[in-house]
Amino acid sequence: MKKIAFSFLMFAVSTAVWGEAGTAVMKGTTPDSKLGGTVTFKDTKEGLKVTARLAGLTPGPHAFHIHQFGDCGDTGMASGGHFNPKHAPHGFLPKDGMKKAHAGDMGNITALEDGTAALDITLPRMSLSGGRLSVAGRAVIVHEKADDFSQPAGNAGGRAGCGTIAITGE
Ligand code: CU
Ligand code: ZN
């Protein structure tokens, strides 16, 4: 009996499967775009670890978000708005937290003169799959302009690149 209760407890706390991994293959939203790269996701005890490696961007900062739907059609517009299961205002999740930022608010990724960009960020409380704060099947969007953190969505312009987040390993 004790053993059954313990097993149930372990199941209850592990809604996020620690160690599961995902990938979004990023592509430009227009046929002539040279944008490409990958964004990988890994569940850790600290939250969802995001590792982005992009190329083909214009130099400078670009808003970088998880959008609600995993559909990159219509030049990225089919991905809907920022992933926002807690109905929060727009912000920067690692700094502002879940009540003052959308769950998909990853801030900016900054491209160098050669168009490449790298970002490593951990999103507290979020996971790849399981529960309301999971991102598998949604989309990563990199915008044409910087996120200035104004309402309602950071004034970041069009959607330059998009990729759907798929579960790809452990
Ligand atoms: Cu966005
Ligand atoms: Zn947002």
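Rules used throughout
- Residues numbered from 1 in each chain as written.
- Chains lettered and ligands numbered in written order.
- Predicted model: local features only at pLDDT ≥ 70, side-chain atom pairs only at ≥ 80, totals over all residues.
- Heavy atoms only, no water.
- Helix = DSSP H or I, 4+ residues; strand = E, 2+ residues; numbered from the N terminus.
- Contact = heavy atoms within 4.5 Å.
- Areas by Shrake-Rupley, 256 points an atom, 1.4 Å probe, with all protein chains shown as cover.
- Donors = N, O, S within 2.8 Å, 3.2 Å for Na, K, Ca; no water.
- Tetrahedral: all angles 85-135°; square planar, octahedral: opposite > 155°, others 65-115°.
- Buried < 20%, exposed > 50% of the residue type's maximum accessible area, 1.4 Å probe, protein only.
- Pairing = 2+ DSSP bridges.
- Disulfide = S-S within 2.5 Å.

## What to know about the overall build of the protein
Per the secondary structure count, the protein includes 2 helices and 8 strands. For the protein, the share of sequence-separated contacts (at least 6 apart) that also reach a separation of at least 24 residues comes to 62%. Of the accessible surface of the protein, which amounts to about 8,900 Å², a share of 60% is contributed by carbon and sulfur atoms.

## Side note on the coordination of the zinc ion (ligand 2)
The coordination sphere of the zinc ion (ligand 2), as far as protein atoms go, consists of H82 (ND1), H90 (ND1), H102 (ND1) and D105 (OD), spread over 2.0 to 2.1 Å. Of note is the zinc ion (ligand 2), whose 4 donor atoms meet at the metal with angles of 102 to 118 degrees in an arrangement that counts as tetrahedral. One chain supplies every donor for the zinc ion (ligand 2), spaced along it as H-x7-H-x11-H-x2-D. Of this pair, H82 sits in the loop between strand 4 (60-67) and helix 2 (93-96) while D105 sits in strand 5 (residues 105-111), and the two are 23 residues apart along the sequence. Accessibility expressed as a relative area gives 11% for H82, which makes it buried.

## A closer look at the coordination of the copper ion (ligand 1)
Taken together, H65 (ND1), H67 (NE2) and H143 (NE2) make up the full set of protein donors to the copper ion (ligand 1), lying 1.9 to 2.0 Å away. Taken in sequence order, the residues that donate to the copper ion (ligand 1) follow the motif H-x1-H-x75-H. With H67 in strand 4 and H143 in strand 7 (residues 139-143), the pair connects residues that are 76 residues apart, well separated along the chain.

## Quick look at the pairing of strand 7
Within strand 7, 5 of the 5 residues are buried, which leaves the element mostly enclosed by the surrounding structure. Side chains A139, I141 and H143 project from strand 7 onto one buried face, and the interleaved V140 and V142 project onto a second face that is buried too. Two elements, strand 4 and strand 7, share 4 bridges in a ladder whose sense is antiparallel. Bridging from a neighbouring strand, I66 pairs with V140 of strand 7.

## Details of the environment of K86
Tracing the sequence through the fold places K86 in the loop between strand 4 and helix 2. Owing to a relative accessible area of 37%, K86 belongs among the partly exposed residues under this scheme. Each C-alpha atom, one on K86 and one on R132, is 9.0 Å from the other, the two residues being 46 residues apart in sequence. If we skip the residues at most four places from it in the chain, K86 touches M98, R125, R132 and L133.

## Observations regarding the state of the cysteines
Under the counting rule described, the total for this entry stands at 1 disulfide. In this model C72 forms its disulfide with C162; the gap between the sulfur atoms is 2.0 Å. Between C72 and C162, the S-S dihedral sits near -75 degrees, and the bridge is therefore left-handed. Taken as a pair, C72 in the loop between strand 4 and helix 2 and C162 in strand 8 (residues 159-169) lie far apart in primary sequence, 90 residues in all. Given a relative accessible area of 28%, C72 falls into the partly exposed group.

## Details of the environment of L123
Topologically, L123 is positioned in strand 6 (residues 117-123). On a C-alpha basis, the gap between L123 and L48 in space is 5.0 Å, while along the polypeptide they are 75 residues apart. Setting aside its immediate chain neighbours within four residues, L123 contacts G47, L48, V50, I66, L93, P94 and M106.

Nothing here speaks to function; it is geometry throughout.
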